[in-house]
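These are the residues of each chain, in order.
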Amino acid sequence: SSLLNSRDSSFWSRNRPLPLTPDEARDYHKKDSIAVHRQSLAYLDSVEHADNQISPFNFTVTGYQYTNRRKGETFYVYPFYRTIYYNTVEGYGIYPKVKFTRTFASGRSYAITPALRYGFSNRLFSANVSLAYNYDPDQQGQFYGAFGSDLFDLSNVGTRSLTFNTLSTLLNENNYVKYYRSKYGRLGYQHELANGLLWNAELEYATESDGIMELPDA
């Protein structure tokens, strides 16, 4: 039915053995007008303006995204629930993070993701930025890198998110992570060799600047 509705009235005038009835002609004319309107710059701008509005829901739950369609740019602010956290190393902390993406007509794109982190109990400030250039979106071809300082789980496998560990620590008094602070630089490359087979290579240099940290005594 979607294919039928995508045909305009001129198509049916040329290919239909029987002429359209007056009701059918009015229906296809209406659909033609709606399709043209939805492709107009004024309509697309109005939809973009509505999508760019800040609401309590996107600010706290989904994150806020601002899009500039004409420039192919998006600016995403991570949601509030992922910005505030608690653990036994830092106490309460803040982790503001944003992402800027630029997509070109060819489909290639690059993204820049800076982040800050501050723990109020250990009074430790960290800052880092991640970069990615997607040169072949069809084959997941990408160059990426990151540098700066941050706190990592001792296992460094990312199995416990800040949000999960915050809820676990506050509600059940179970803190699952032991943090160490590191200054690091990382470069990587990936490309799909075949369907479902992704090749990845990565080089990283890091210094463990503070060792395993525990919450200081009051």
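Just above, that's the structure.
Bear in mind that the values here come from a model prediction, so they are computed numbers and not experimental data. (Residues numbered from 1 in each chain as written. Predicted model: local features only at pLDDT ≥ 70, side-chain atom pairs only at ≥ 80, totals over all residues. Heavy atoms only, no water.)

(A) Main features of the side chain of Asn-52. With respect to the secondary-structure elements, Asn-52 resides in the loop between helix 4 (41–51) and helix 5 (56–62). Residue classification places Asn-52 among the buried residues on the basis of a relative accessible area of 10%. Sequence-distant contacts of Asn-52, defined by excluding residues within four places in its chain, comprise Tyr-64, Gln-65, Tyr-66 and Thr-67. (Helix = DSSP H or I, 4+ residues; strand = E, 2+ residues; numbered from the N terminus. Buried < 20%, exposed > 50% of the residue type's maximum accessible area, 1.4 Å probe, protein only. Contact = heavy atoms within 4.5 Å.)

(B) Region of interest: the pairing of strand 8 (residues 141–153). Here strand 7 (residues 124–136) runs beside strand 8; their pairing, made up of eight bridges, is antiparallel. The residue bridging Val-129 from the neighbouring strand is Phe-147, located in strand 8. Hairpin connection between strand 7 and strand 8: a loop of four residues separates the two successive antiparallel strands, and Gln-140 in this loop has a positive phi of roughly 55°. Here strand 8 runs beside strand 9 (residues 179–194); their pairing, made up of 12 bridges, is antiparallel. In the sheet register, Leu-151 faces strand 9, and the bridge partner there is Arg-181. (Pairing = 2+ DSSP bridges.)

(C) Representation of a nonpolar patch on the surface in the model. Residues Ile-54, Phe-59, Phe-80, Ile-84, Tyr-92, Ile-94, Phe-120, Leu-167, Leu-170 and Leu-171 make up a contiguous nonpolar surface patch of about 1000 Å² in total accessible area. Going through the elements one at a time, strand 4 (91–94) and helix 6 (162–172) are the ones with two or more residues in the nonpolar patch. Ranked by residue count, the leading element in the nonpolar patch is helix 6, at three residues. Its place among the elements puts Phe-120 in the loop between strand 6 (109–119) and strand 7. (Patch = residues over 30% accessible without salt bridge, like charges linked within 9 Å, V, L, I, M, F, W, Y side chains within 5 Å. Areas by Shrake-Rupley, 256 points an atom, 1.4 Å probe, with all protein chains shown as cover. Salt bridge = Lys/Arg side-chain N within 4 Å of Asp/Glu carboxyl O.)

(D) Local environment of the packing of aromatic side chains. Per the counting criterion, the structure on display carries 12 aromatic pairs. Centre to centre, the rings of Tyr-76 and Tyr-78 are 5.0 Å apart; their planes meet at 70°, and the pair counts as edge-to-face. Of the two residues, Tyr-76 and Tyr-78, neither departs from the other in class, the shared state being buried. Aromatic side chains Phe-104 and Tyr-110 sit 6.1 Å apart centroid to centroid with 45° between the ring planes, which places their arrangement in the tilted category. By relative accessible area, which is 29% here, Tyr-110 ends up partly exposed. Connected via pairs of aromatic rings, a cluster forms that spans Tyr-135, Phe-143, Tyr-189 and Trp-199. The residue whose ring lies beneath Lys-97 is Tyr-78, and the NZ or CZ to ring-centre distance is 5.1 Å. The ring of Tyr-179 has Arg-117 lying over it, and the distance from NZ or CZ to the ring centre is 5.2 Å. (Phe/Tyr/Trp six-rings, centres within 6.5 Å; stacked < 30°, edge-to-face > 60°. Lys NZ or Arg CZ within 6 Å of the ring centre and 35° of its normal.)

(E) Examining the environment of Ala-111 more closely. Checked against the element boundaries, Ala-111 lands in strand 6. Note on Ala-111: relative accessible area 12%, which makes it buried. Residues within four places of Ala-111 in sequence aside, it is in contact with Lys-99, Phe-100, Thr-101, Ser-130, Leu-131 and Ala-132.

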